[in-house]
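Spelled out, the chains give:
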Amino acid sequence: ERSNTKVTTVCFGKTYDRALIGRELETTELVKKGHQLLQWYGSKEWFEARGIPRTNVGTEEYPTPQRKKKPKPMAPTRGKGTGKGKGQEEG
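Residues numbered from 1 in each chain as written. Predicted model: local features only at pLDDT ≥ 70, side-chain atom pairs only at ≥ 80, totals over all residues. Heavy atoms only, no water.

Novice: Looking at this structure, I do not really get the overall build of the protein chain. What am I missing?
Specialist: Scanning the protein chain from terminus to terminus reveals one helix and two strands. Starting at the N terminus and ending at the C terminus, the protein chain contains elements arranged as β-β-α. Residue burial in the protein chain is summarised as follows: out of 91 residues, 9% are buried. (Helix = DSSP H or I, 4+ residues; strand = E, 2+ residues; numbered from the N terminus. Buried < 20%, exposed > 50% of the residue type's maximum accessible area, 1.4 Å probe, protein only.)

Novice: When you look at the environment of Thr27 in this model, what are you seeing that I'm missing?
Specialist: Among the secondary structure elements, Thr27 is positioned in strand 2 (residues 22–27). Linking Thr27 and Leu37, residues ten residues apart in sequence, is a C-alpha distance of 8.0 Å. When sequence neighbours within four positions are dropped, the list of residues in contact with Thr27 reads Asn4, Thr5 and Leu37. Here the side chain of Thr27 touches Glu29 through a polar contact of 3.5 Å, landing on its backbone oxygen. (Contact = heavy atoms within 4.5 Å. Polar contact = N/O pair within 3.5 Å; in protein donor to acceptor, adjacent residues only side chain to side chain.)

Novice: Just to check I follow, could you spell out the pattern of salt bridges for this structure?
Specialist: Charged atoms that come close allow side chains of opposite charge to pair. In this structure the tally under the stated criterion is two salt bridges. With a closest N to O distance of 2.5 Å, Arg2 and Glu29 form a salt bridge. Residue Arg2 is located in the segment before strand 1 (5–12), and its partner Glu29 is located in the loop between strand 2 and helix 1 (44–49); the two are separated by 27 residues in the primary sequence. Residue classification places Glu29 among the partly exposed positions, given a relative accessible area of 28%. (Salt bridge = Lys/Arg side-chain N within 4 Å of Asp/Glu carboxyl O.)

Novice: I tried to follow the layout of surface pockets on my own but got confused; where do I start?
Specialist: Gaps between atoms show up when a probe of the same size as a water molecule is rolled over them. In this structure, the largest pocket encloses a volume near 390 Å³. Of the residues contributing to the lining of the largest pocket, the split by class is six nonpolar, five polar and four charged. (1 Å grid on protein atoms, 1.4 Å probe; cavity = no way out; pocket = protein on both sides within 12 Å on 5 of 7 lines; lining within 4 Å. Points joined across faces, edges and corners; volume = space filled by probe spheres on them. Nonpolar A, V, L, I, M, F, W, Y, C, P; charged D, E, K, R; others polar.)

Novice: Looking at this model, I keep getting lost on the packing of aromatic side chains. Mind explaining?
Specialist: Here the distance between the centres and the angle between the planes together describe a pair of aromatic rings. On inspection of all chains with the given rule, the structure shows three aromatic pairs. Ring centres of Tyr41 and Phe47 lie 6.1 Å apart, and the angle between their planes is 70°; on these two criteria the pair is classed as edge-to-face. Taking the relative accessible area as the measure of exposure, Tyr41 reaches 44% and is therefore partly exposed. Given a relative accessible area of 17%, Phe47 falls into the buried group. With a centroid separation of 5.0 Å and 75° between ring planes, the pair formed by Trp46 and Phe47 is classed as edge-to-face. Put simply, the rings of Tyr41, Trp46 and Phe47 pair up and form one aromatic cluster. (Phe/Tyr/Trp six-rings, centres within 6.5 Å; stacked < 30°, edge-to-face > 60°.)

Novice: I would appreciate a short explanation of unusual backbone geometry in the present structure.
Specialist: Glycine aside, a negative phi is what most residues show, and trans is what most peptide bonds show. The phi dihedral of Tyr16 falls on the positive side, at around 70°, and the residue is not glycine. Note on placement: Tyr16 falls in the loop between strand 1 and strand 2. Residue classification places Tyr16 among the exposed residues on the basis of a relative accessible area of 80%.

So, in structure tokens, the structure goes:
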């Protein structure tokens, strides 16, 4: 899964205030109706430090954006040459 939101510089309220405080988020892509908003919390260490297992949260009813799969590296191919081995010259 991947994040589809980011924070902005717009904040309201004062830190440690007991009243309502918050920070504005905006989407980074179009979000279809019924799909989830995902916030990036940082690396896996954020979850580990809090004892929270990192799991996928998407469901069939409320899907999440998926990471794009990285293409597998292609195996090296041999180029088409003259068929002559090293050190062999035409002649």
